[in-house]
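Here is how the chains run, residue by residue.
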Amino acid sequence: MAKEIRTIGVMTSGGDSPGMNAAIRAVARACAYYNVKCIGFYRGFQGMIEGDHCVLNARSVRNIISSGGTILKSARSEEFRTPAGRKKAARHLKELDVDAMVLIGGDGTFRGGQIFSEEHDISVIGVPGTIDNDIAGTNYTIGYDTALNTVIDAIDKIRDTASSHDRLFFIEVMGRDSGFIALNTGVGAGAEEILIPEEDMGLDRLLESLKRSKRSGKSSSIVVVSEGDKIGKNVFELADYVTENLPDYDVRVTVLGHVQRGGSPTCFDRTLASRLCVKAVELLLDGEKNVMVGLLNNEIRMTSFEEGLKEDYGINKELLRISDILST
């Protein structure tokens, strides 16, 4: 028989992503609807360790659905990686009568939550919040759609100046281990080449592709580079290499960086956060734990942390083939 859930905690952890506030709002209001107390922990797992918290009710989360970032702040906690740190966190949850937790974050958040749940018998549900979209148990993570639109807007603006000055731009986007942002924005923005961690394009092929673009009459080009690309050079080294080998190109570099994490979330991300977090609260009340919620084929599904954390998260490499065709 499932234990009665009277208080649910919520936290955001790891890199921030647009839509996290919409997620916090959904947890707080779902708790209010079901007459369950809601406590927010500041700075992720570190806030749990220190007992740094606030009580959230339906009114305390008003007007945050449109805001980027996270009102609960976010941080990575080395102390939580230790049994002693997790024991401190469990003690504070017990003192606050917290029966269950909703953890909003990425793979590191889920791994920490899984260990914590197993060690201290705390009911935990994970909600995927990361711009990288690198969680196997969902087609979309909270913040990914907003990041795509931010990058597309930036590339469109850069293409204007690239065309005006006949330049080749290397544009670096986030994605140390995942090429989702680079691949989809590259296709969406009409990039001539896309470099992602999942595919080693090779320097020779890159040079040949750029030569082909020049021969076809293109006077400017865009290459979208994921920060974790496996070609063996960072974006500035790539630019130098191309300049040395293709002196006819006037090469520039733009690193979009943390601008991709900020801004007001899109309607899609607000709706996704709302759907996932209401379901997370309902699953906890139904006695579920140690799972994540995700959107699969437009339905909210429950997935074990083990499945969600698989490295094969299904990047669509068909888009690379489409990109080759369309960049002709």
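Residues numbered from 1 in each chain as written. Predicted model: local features only at pLDDT ≥ 70, side-chain atom pairs only at ≥ 80, totals over all residues. Heavy atoms only, no water.

Peer 1: What is the right way to read the overall build of the protein from this model?
Peer 2: Broken down by element type, the protein carries 11 helices and 11 strands. Here the C-alpha atoms of the protein give a radius of gyration of 22 Å, agreeing with the 20 Å that 2.2 N^0.38 yields for 328 residues. Counting only C-alpha atoms and orienting by the principal axes, one finds that the protein spans roughly 70 × 35 × 35 Å. Put simply, the protein has 328 residues, and 54% of those count as buried. Within the protein, counting contacts between residues at least 6 apart in sequence, those at least 24 apart form 76% of the total. Approximately 14500 Å² of the protein is accessible, and the part contributed by carbon and sulfur atoms is 46%. (Helix = DSSP H or I, 4+ residues; strand = E, 2+ residues; numbered from the N terminus. Rg over C-alpha atoms; globule rule 2.2 N^0.38 Å. Buried < 20%, exposed > 50% of the residue type's maximum accessible area, 1.4 Å probe, protein only. Contact = heavy atoms within 4.5 Å. Areas by Shrake-Rupley, 256 points an atom, 1.4 Å probe, with all protein chains shown as cover.)

Peer 1: Just to check I follow, could you spell out the UniProt feature "binding site: Mg(2+)" (unreviewed entry) in the protein for this structure?
Peer 2: If you check UniProt for "binding site: Mg(2+)" (unreviewed entry), the listed places come out as Asp107 in our numbering. The topology assignment puts Asp107 in helix H4 (residues 107-120). In this structure Asp107 touches Asp134, Ile135 and Leu309, once residues within four positions along its chain are discounted. (UniProt positions renumbered as here; feature names shortened; annotations may be inferred.)

Peer 1: Help me understand the domain arrangement of the protein in this model?
Peer 2: Where interface size is given, it is often the accessible area lost as the parts come together that is meant. Split into domains, the protein comes out as domain 1 (7-143 + 265-308) and domain 2 (145-261). Computed from C-alpha atoms alone, the centre-to-centre distance between domain 1 and domain 2 is 34 Å. Domain 1 puts 13 residues into the contact, and the matching count from domain 2 is 11 residues. Both faces combined, the contact of domain 1 with domain 2 buries some 1000 Å², and carbon together with sulfur accounts for 54% of it. Among the residues domain 1 hides against domain 2, the three largest losses belong to Ile131, Asp132 and Thr266. Together they make up 46% of the total. Joining domain 1 to domain 2, the criterion identifies 8 residue pairs in polar contact (both at pLDDT 80 or more). Classifying every residue of the side of domain 1 that touches domain 2 gives 4 nonpolar, 5 polar and 4 charged. (Domains from an automatic or database assignment. Buried area = accessible area lost by both parts, 1.4 Å probe. Polar contact = N/O pair within 3.5 Å; in protein donor to acceptor, adjacent residues only side chain to side chain. Nonpolar A, V, L, I, M, F, W, Y, C, P; charged D, E, K, R; others polar.)

Peer 1: What am I meant to see in the side chain of Thr109 here?
Peer 2: With respect to the secondary-structure elements, Thr109 resides in helix H4. The contacts of Thr109, once residues within four sequence positions are left out, are Met11, Ser13, Gly14, Phe45, Leu103 and Ile104.

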